[in-house]
Each structure stands twice: as C-alpha cells, then as structure tokens.
Amino acid sequence: MELSPVARSKVQEQAGTYVPEKSYGPNPQEEFKTPTTLSPEQENLTNKFVPGIATIKDYYEDPEKLKLLRMGRIAATSGAVVLNFWAVLGLFYAAGKLALSVFGMADKDEAFNLLGKGYTKSSIAGGLTGLAHESPYWSIGNLGMGLFSYLGLDKIHWLAGFSIADGIASIGMGQVRDRDSQNAFAVQHSIFNHPNFSSLKFLMPVEQAVINFAKNISSPKSWKRLVVDEPYALFQKAGGGLIAAGGLLGVGSMFAEKMSESVRSLAYIPYSAFSLLNLIALFRDGKVVAERADDFGGRIKAEDYSMRSEGYFKQLASPVLGVNNFLLALKGLGLDSQNGFLYPLAMAVRACGAAFAFLGFTAQSGLKFFKPDSFGPFKKRVMEVILNPKEAWKSIYEFLQSTSPKPHKSDKFDKIIEEDQDGKLFMQITATPTFQKMKEKSQAGFPSPLFPNRGDLERFTHSKRVCTLAILFDQVMKKNIINNPSTPESIKTFYLENRLALKVAMLVHDAGHIARSHLGEESIRGLNNDEETMKLLKDTNSDICQAIITDFVERYGEVDGNRKAKELLEKVKDILGHKTPLRWKIFDFLEYAKSNGGDFNSTDPNDFPAWSLDDYSEFFESITFVEDEYGRPLQIFKPDGAVKAFSMLYDRYKFNLRYNYDPLLKAQKIVYLLGADAANISLEEARKLTEREFDGRVKIGLESINGDEYTFVIRILFGGENAYCGYSAKNPRTRIMVLLEDGRKMEFLEYRERVMKYQDPKQYEETQEEVNKLTIPFETELRVKVRNRRFESAEVKAAA
C-alpha cells in the first residue's frame, strides 16, 4: 500500500524506538464502561437447566466496584509487605533478647513485650494478606494469632487460642488455593446441616478440617500421602490438627488451676505433635515453589528471585519451628520449672522460625507486583448455580460410558515422523508403555453431553502431530537458518544444538497427563501436566528416558551415548521449562486449532478452518531468529506471521470461552471433581488409573455423599498476562516480537500502534477485538450451591 508523504512521515515518527516496558493495550475502563449484556458468544444463562444443574443468576459486576477492589488489594498487599518486613526485624531482635535473657543478660519481660509487638505487626500483615485474597478465614486467623501471641503463649488458654487461630488461617490459605485452582471440595456428614445449627454454617470448613485431620492421622497410608500430595492439599488437614490441638488445650485450661505445674505442662505435647502437619505443609510448599523456580522459573528475573526467596525461606522456617515444638514438648514432659529456660528459649526459636516464614510470605505477596493482573480483573461475570451432584451424574456417567477416544489412525503426520532423520528415535519413544497409554487418555478430558462431538480425540495422536509440526518447522529452519550463509554463527549454533531437542520436547510434552487429561488434573489438587512430564524427564530410569539413552548408546557407544542423551534431556527440559528462546507452545496451539480433526475441529469447522501442510510451512516461513540487544537468540515473526500468531491465540481464547469453560459445562465438571474428592484419590493412585477406573472411583465417591448443603466458589480467568489464553507485552515467554523490513524489532502491540495503524488501518481495526480480549483480564466466578436433593424450576426462579 502506497502511503502519502504525511502518512509515511507519521509511520517513521511512531516507529522510531522500541520501548519494551511500555504497554499499548486498550484502556479497560473505556472498553467495559457499560457491561450490562453478555458478549455474543455468551448467552445469559439465568434460569437455564440441564439435569441436576440450574442457574439462579448470571450477570456482570459493576466495573467501578472491580476497580475499587483492585485498588484495595493493591493497598492491602503493599501494607502486608511493609508490615511483614517491619515485623521480621522486630522478631529477630526479640529472639536475640530472649536468648540473652536465658543467661541473665537481658530483661525477660522486655523481651516478651518486644516479641508481642513483633507478632502484632505480623498478624496485621497476615490479616491484610487474607483481605487481599478475599479470605475471611485467612484474615481472622492471622489477627487471632497476633492477639494471642501478644497476650502471652506461656498461658495454656492463650496457647489454645493461638493454635485455633493458626488452624483457621491455614484453612483460609487452602480455600484460596482451591478457589483459584478450580478445585471442588466435597462436604460429608456435617452437623451444621441440621436445622438447629444452620445459623453456624460458616463453621463448616472448620468442622470438615478437623474430620479430615482425624481421618488422616488414623491411617499409615494417609501419612504416606503427606510427602506425595500437593502441599496446599495439606493446609486444610493441617488446620484441622491445629484446631484439634487448640481444643484439647482449651479443655485443659479449664482445669489449669487445679493442676500441678508438671501436669499443666503436658498440655504443650498435643500442640507440638498436632502442629507437625502444618510444618510439613509449610516445608513442602516451599520445596515445591523452589522446584518450580528451578524447572520453569519466573517470566522475568524479579519474579524468579521472588519465587526462590519464597521457597527457601519457607523451607528454612519449617525445621526452625520444629525445634520450637521439640522444646515445648520437652517442657510438656516436665523437664522445665515455672521460671526455667526452656520456654523463653522455645519462644526465641519460634520468633526466628516465624520471621523466616514471614519472609517467605512477604516474597509470595511481593510476587503479585510482578503479575499485576493477580490483583483482580477489569471485567467479571458472576454465575450462581444450584447443583445436585447425584442427579447431574446420571446423564454425565451414561455419556462417559458411551464414549471413548477413537483408535489412532496412521496418516500424513505419522509418515512425516517416520521419514525424519531421527524417525527411529521417535518411534522408540512412541513405543514405550508411557507413551502408548496416551491412546487411552481423551484430549477433551470431559466429553460432555452438552458438546457430544468432543469425545473422539486422544493425547497420543495430538502429541505425534505436535512433533510433526516441529519437524515441518525444522525443515524451514534448515533452509532459512542452517543453510543460510548470512545467519550469524551464534544463531546457527543455538539452533543446531536445540533442533533435535525441540522435536523430542514436542513429542513428549503431554506424557505426564493422567486419565481424563485436564479434568483429571483439576480432580487431584495440585496436579500439573507440565510438572508431571518434567518428573518423567528427570527420572533417567523412566521408559521414555531409557528409550532415548538406548538410541544414543547404539549411535555413539556407551560413554558418549549416555553423555549425549543426558545433554539432550537437559535441553528438552529447558525448552519445556521456557528457558530457551524456542517458544514451543506455538506448535501445541497450532495442532489444537489447525489440524484436520484437531481439538477445535470437533466443533463448527467454519469457526476454526483447518490448515494444509503447505499452510503450516508458509506460516513457519514467517518465523526466524535474530540476536537481541545482548547478542542472545530471539525468536521473532515477520509482520504477517505475527498477525496470524496473535489471531491463533485469540482462536484459543474463543474456543475455551465457548467450550472448555462454558459455565454449564464447568458445573458438570464440578460434579466429577466432587466425586473425586469424596473418593479421596491420591496423586499416586491417579497416575495409574485408566479413564474407566477413574470414572468408577468418582461414581463411588458421589454415592458416598449424603444430603449436605453448602456453597463454594471457583474462578476462571480469561485474558491478561496470567491467563492461559491471555497476552502480555512484557512476558518474554509469550509475547510476539515483530521483525520489520529495515531490521528493527518491535513487540506486537507496539507494532500495531506504531506501524499497522498507519500502514493498514483496516487490519488495525480488525484486530482491535482480539487485543481487547487477550490483554484485559476477564474473570468468570461460579458460586456453586451444592444441594443434594431434587429442586423444581419454581424453587430456582424464587431464589433468583
């Protein structure tokens, strides 16, 4: 398109210098100033019914309210970070004073006074953190801990209150993780469903936590799960243990005046023992965060440092607090007099442990400032749903039993893999039992009667096709990078070292999936497919690793083969962990959206038309690698490819919005999650179950649920930098970089504002909706009322 001199001058002026930290997204307040209607692809579902499920309300929150909530969370988090740092300094100082007081070198009363002030600051910080996460339990628990610490933990009744408050805070943390991870919690046999206790229903989480704790300490099998299951799954059980300990201390305190000092001291033993579970949860939480930082890292350096700080401080806090419990247990055995040294020493150690824990929580809170979308959405859809799990399960189970993934059929994609120069290695990997099991794992995860065409796909075919796309990409890169004499040596070396690793990574990227794919992940708290795949690649004895090692030993001999195989596995892990410039998700999304028979094409093909092999190759021609300002390789798109890549991300957004996260479909998924939770399926068990076995365990779990009624909330995020289908100009993992004809580099949103807007105004307007949806955080909140009895339409309309 020929530009006028004025327009050309404007383009040159606007496209002058790349400013990577500047965001060119739309103003969300302008975009959503009248959110009174749902978008075209989302009909209002008020008073809609499917078997066992009915919607009471479906509406958008007032954007001004959301804005105030965001500001409140930012203020609360800022206050929590500042107060925690202040409290940490005070606790370390008080700990030193207490330690010196043991040897008569400091005033004990002054030291305990300083300790109380430090805990007061930390409790307010914890209260603010809970407020930022919209968790009353978290806030109240932390405030209570501060109050009882200030009053003095040397008295049994205050220690009882502290233990209960600590348990409530732990339950609150677990509730937040459940809500944001889209987990469902099955309540069983609650006394608060009795009409006489219905006004106390807010205590139901406390009751269920104590019951779960009791169940888990009564079985050696359950204790084993403490070192296997996701840490945040332990928070509720740990909270139950702390509340149980507090209850025992409270009963003991009623008779404290009639007890001797030695008998009174025995009260410290249950607290020391029952709080052990909380320390295990804290340590494992830190350990998992640190491992995730190692495997996947943060999107930017500061985020990476925050993750590691959180992980290391939590791991450090746990054993220090364990020493505190040990000293209190010694006191409980009567090894200390009323004015002895054990209690002040225990409190000094506790202050240090608490300080380390608060540093970990400070890093966790500070992480939000590197992910501003975590402070809340600009647009929020709220749905209130009534759910009768047993009634809904009848049609769901019948449909699940009538569907299964179609057997894999060899096609053009398989031929490309077989004919590749590394085809033998790929065939050895696909022949492993782990890879073969993917034939039984449905791609959709949950083939629902609401969308009956989505039950045909499986992970085996998907994984092979993603590998095929990497091979097609490699063929283009061989021509444009490897055989191109103008390619800088650093780029050529980088690609040559990673080309096989990229293809292997794409082949095995879903090997960690369990039965029912992403539905299975949501059913088991904390399970993550990418992390499960990483575990397989870390274990050199896994069948996939052994297939790679065997192939390399045959090629290069025992010594060189083992070395080269391990080097390859490290590169594969780096690619899947987003530690290289190779943005592998593009191949995953391409297969979903563009393969004939791929995930998207189980819907209306007019919405997501398939590509031919030539279409793929043409798209890959728009991708290349250049050196960034530091001389490092950078994956970059030519303008036409960048537009296609951005549009494909929008296709993924639309697909998820319409199908994967359709609110009624999500409600049906919740039925499955409730059954899995009631069945108490462990992560270890879940890895071994087939889909039919998984369904059977869920069925048994749902049958065990009685008439309890309760409410819980889950949240689904679309758009923005934290969403699966969102976009961030600042995130080097997901941003789309554009290479201009004159060699300059721009991030896509900046390119759109500085170049596309003037060179192609029509395309600029056409991409506006895509930018709006992908860059602005939009959340759907499902408020689920579980009602294990039949309900009539009139009852639902009355509730609405």
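Read on for a plain summary of the structure. (Residues numbered from 1 in each chain as written. Predicted model: local features only at pLDDT ≥ 70, side-chain atom pairs only at ≥ 80, totals over all residues. Heavy atoms only, no water.)

Where burial is concerned, most of strand β4 (residues 623-627) is hidden: four out of the five residues are buried. In terms of strand pairing, β4 meets strand β5 (residues 633-637) through five bridges, oriented antiparallel. Directly across from V626, in β5, lies its bridge partner L634. What sits between β4 and β5 in their antiparallel hairpin is a turn of five residues, with G631 showing a positive phi close to 80°. (Buried < 20%, exposed > 50% of the residue type's maximum accessible area, 1.4 Å probe, protein only. Helix = DSSP H or I, 4+ residues; strand = E, 2+ residues; numbered from the N terminus. Pairing = 2+ DSSP bridges.)

The subject of this paragraph is the sheet that holds strand β6 (residues 709-718). Taken in spatial order, the five strands line up as β1-β2-β3-β9-β6 in an open sheet, and their pairing is mixed. Each of the sheet's edge strands pairs with one partner strand only, and the pair in question is β1 (49-50) and β6. Note: strand β2 (residues 53-60) against strand β3 (residues 379-387), seven bridges, orientation antiparallel. Across the sheet, residue Y60 finds its bridge partner in β3, namely R381. Against the sheet, helix α28 (residues 663-679) touches β1, β2, β3, β6 and β9 (778-787), its axis set at about 55° to β3. (Contact = heavy atoms within 4.5 Å. Axes fitted to C-alpha atoms, helices over the stretch in contact; angles between N-to-C directions.)

For the rest of this paragraph, the subject is helix α24 (residues 558-576). In this model, α24 (19 residues) spans 27 Å end to end at C-alpha, consistent with the 27 Å of a helix rising 1.5 Å per residue. Listed as buried for α24 are G561, A565, L568, L569, V572, K573, I575 and L576. Looking down the long axis of α24, one finds its buried residues gathered within 155° of arc, a one-sided arrangement. As for α24, its buried residues are in contact with α20 (489-508), α22 (529-538) and α23 (543-556). Phi for H578, located one or two positions after α24, is positive at around 60°. (Expected span 1.5 Å × (residues − 1). Arc of directions from axis to C-beta.)

This part takes up unusual backbone geometry. In the Ramachandran plot, H578 falls in the positive-phi region, its phi being about 60° despite a non-glycine side chain. Position of H578 among the secondary structure elements: in the loop between α24 and α25 (585-594). If you check the backbone angles, N680 has positive phi at about 55° while not being a glycine. Here N680 is to be found in the loop between α28 and α29 (683-688).

By the secondary structure assignment, K669 is in helix α28. No salt bridge is formed by the buried K669; the nearest opposite charge belongs to E522, separated by 4.8 Å. When neighbours within four sequence positions are excluded, K669 is seen to be in contact with F446, L519 and N660. (Lys, Arg positive; Asp, Glu negative; His and termini not counted. Salt bridge = Lys/Arg side-chain N within 4 Å of Asp/Glu carboxyl O.)

This brings us to a nonpolar patch on the surface. A cluster of nonpolar side chains, contributed by I191, F197, L200, F202 and L203, occupies part of the molecular surface with about 440 Å² of accessible area. You can see L203 is positioned in the loop between α6 (156-180) and α7 (204-217). The class for L203 is partly exposed, based on a relative accessible area of 31%. (Patch = residues over 30% accessible without salt bridge, like charges linked within 9 Å, V, L, I, M, F, W, Y side chains within 5 Å. Areas by Shrake-Rupley, 256 points an atom, 1.4 Å probe, with all protein chains shown as cover.)

Before going further, it helps to spend a moment on the packing of helix α15 (residues 389-402) against helix α30 (residues 691-704). At a closest axis distance of 11 Å, the pairing of α15 and α30 adopts a crossing angle of 165°. The pairing of α15 with α30 is recorded here as roughly antiparallel in orientation. Every pair of crossing elements has a handedness; the one defined by α15 and α30 is left-handed. Of the residues in α30, those in contact with P389, K390, W393, Y397, L400 and Q401 of α15 are R692, D695, V698, K699, L702 and E703. Across the contact of α15 with α30, the residue classes tally to six nonpolar, one polar and five charged. (Parallel < 35°, antiparallel > 145°, perpendicular 65-115°, else oblique. Left-handed = near helix turned anticlockwise from the far one by under 90°. Nonpolar A, V, L, I, M, F, W, Y, C, P; charged D, E, K, R; others polar.)

With that out of the way, let us pick up the pattern of salt bridges. Taken as a whole and judged by the stated rule, the model has 55 salt bridges. When the shortest N-O distance is used, the salt bridge between K503 and D420 registers 3.4 Å. With a gap of 83 residues between them, K503 in helix α20 and D420 in the loop between α16 (412-419) and α17 (423-430) connect regions that are remote in the sequence. Take K503 and D420: they sit in the same class, and that class is buried. Here K699 ties to E703 by a salt bridge, and the two come within 2.9 Å at their closest N and O atoms. Separated by four residues within a single helix, K699 and E703 lie in helix α30, roughly one turn from each other.

Another point: the environment of R697. Considering the arrangement of structural elements, one finds R697 in helix α30. On the basis of relative accessible area, R697 is assigned to the partly exposed category, the value being 24%. As a C-alpha pair, R697 and G675 span 22 residues in sequence and 7.7 Å in three-dimensional space. Apart from residues lying up to four places away in sequence, R697 is in contact with G675, A679, N680, I681, E685 and L689.

With eight of 10 residues buried, β9 is to be regarded as a mostly interior element. Alignment of β3 against β9, held across nine bridges, turns out to be parallel. Each bridged residue has a counterpart across the sheet, and for V385 the counterpart in β9 is V784. By the bridge criterion, 10 bridges tie β6 to β9 in an arrangement that is antiparallel. Each residue of the ladder has a partner; that of I716, found in β9, is T780.

What follows is about α28. The end-to-end C-alpha separation of α28 is 24 Å, in line with the 24 Å expected for 17 residues at 1.5 Å each. In terms of residue burial, α28 counts as a mostly covered element, since 17 of its 17 residues are buried.

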